[in-house]
Amino acid sequence: MKALSLLQPWAEFVLIGWKPWENRKCPTRHRGPLVVHCSKGWDKEGEAWIRENWNLLAPKEMRGKQYLEQILTTARTRRGCFAGVVQVADCLPHHQVQPGSPWAFGPYCWRITTPCMTIPLPGPGRHGLFEFDGSLFYTDGTGPMLAVVLAGEFTDRGREFMT
C-alpha cells in the first residue's frame, strides 16, 4: 500500500476530513488507498495560515478558537507515526480545480476522500510516495476494526478504540 508523509498540522486536517486537497509540486497517477504518515516536522507558516483563515476553514458550528486549539494540540502529539488512511480520488493541476476551496493552491492538487483515522503506529516517513509494508486496519464483516498487521503478525490493538 502506498503512503505519504505530511507535515503537521496539515496531516491532522486531512485525517479529520476538513482538508480535501493535498497540494504537491508533482502530479501522481496513484488512485486508491493512501496511508497517511504524520511527519515529525511542524509547518509554522501553515499553522499561521490556518489560524488566520480559521473562520473560513472550519464548519460553522466549530468556529470557536477552542476547537482550533484542540485540533492543534492533537496534531502536536500525533507526529512521527502512521495515523490513518485516505483515498486519492484524483489529481488536477491547480487551474482545473473548481474555485472555492481554500485548501487547494497547487501547483498540483490531489483530491483526498474518505479519511479513516487509526491508532497511531510509530514509524519513519519518507519523501514522496513510498510503500507501507503493513496495514493499519481490517474489516471482519461487521464494520471496520482497527488493527496493525506487520510482517504477517496481527495485533488487535484497536477494538476498544472503535467502541
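The rules behind these values
- Residues numbered from 1 in each chain as written.
- Predicted model: local features only at pLDDT ≥ 70, side-chain atom pairs only at ≥ 80, totals over all residues.
- Heavy atoms only, no water.
- 1 Å grid on protein atoms, 1.4 Å probe; cavity = no way out; pocket = protein on both sides within 12 Å on 5 of 7 lines; lining within 4 Å.
- Points joined across faces, edges and corners; volume = space filled by probe spheres on them.
- Helix = DSSP H or I, 4+ residues; strand = E, 2+ residues; numbered from the N terminus.
- Nonpolar A, V, L, I, M, F, W, Y, C, P; charged D, E, K, R; others polar.
- Pairing = 2+ DSSP bridges.
- Salt bridge = Lys/Arg side-chain N within 4 Å of Asp/Glu carboxyl O.
- Buried < 20%, exposed > 50% of the residue type's maximum accessible area, 1.4 Å probe, protein only.

Counting across every chain of the model gives 2 cavities of 30 Å³ or more. There is about 40 Å³ of room inside the second largest cavity. Lining the second largest cavity are Leu4, Leu6, Val14, Glu22, Leu34, Val35, Val36, Val86 and Ile112. Among the elements of the structure, β1 (2–8) and β3 (32–42) are those that each provide at least two residues to the lining of the second largest cavity. With 3 residues, β3 is the largest single contributor of residues to the lining of the second largest cavity. Counted by class, the lining of the second largest cavity contains 8 nonpolar, no polar and 1 charged residues.

What follows covers the pairing of strand β5 (residues 108–122). Pairing analysis gives 4 bridges linking strand β2 (residues 21–24) to β5, with the strands arranged antiparallel. Bridge pairing links asparagine 23 to cysteine 109 in β5. Pairing of strand β4 (residues 81–93) with β5, which is carried by 10 bridges, proceeds in the antiparallel orientation. Across the sheet, residue aspartate 90 finds its bridge partner in β5, namely arginine 111.

Let's shift gears to the pattern of salt bridges. Here the structure, examined in full by the defined rule, presents 8 salt bridges. For the salt bridge of glutamate 131 with lysine 2, the shortest nitrogen-to-oxygen distance reads 2.9 Å. Taken as a pair, glutamate 131 in strand β6 (residues 130–131) and lysine 2 in strand β1 lie far apart in primary sequence, 129 residues in all. Glutamate 131 sits in the partly exposed class, given a relative accessible area of 47%. With a closest N to O distance of 3.5 Å, arginine 31 and aspartate 90 form a salt bridge. Here arginine 31 is found in the loop between β2 and β3, whereas its partner aspartate 90 is found in strand β4, with 59 residues between them in sequence. The class of arginine 31 is partly exposed, set by a relative accessible area of 38%. A network of salt bridges, in which partner residues are shared, links Glu47, Arg51, Glu69 and Arg76.

This next bit is on the layout of surface pockets. Over the atoms, a rolled probe matching the size of one water molecule traces out where space is still vacant. What the largest pocket holds in volume is close to 350 Å³. Lining the largest pocket we find 15 residues, and of these Ser5, Leu6, Leu7, Glu22 and Arg24 sit closest to its centre. Residue assignment for the lining of the largest pocket shows that the elements contributing at least two residues are β1 and β2. Looking at the lining of the largest pocket, its residues break down into 4 nonpolar, 6 polar and 5 charged.

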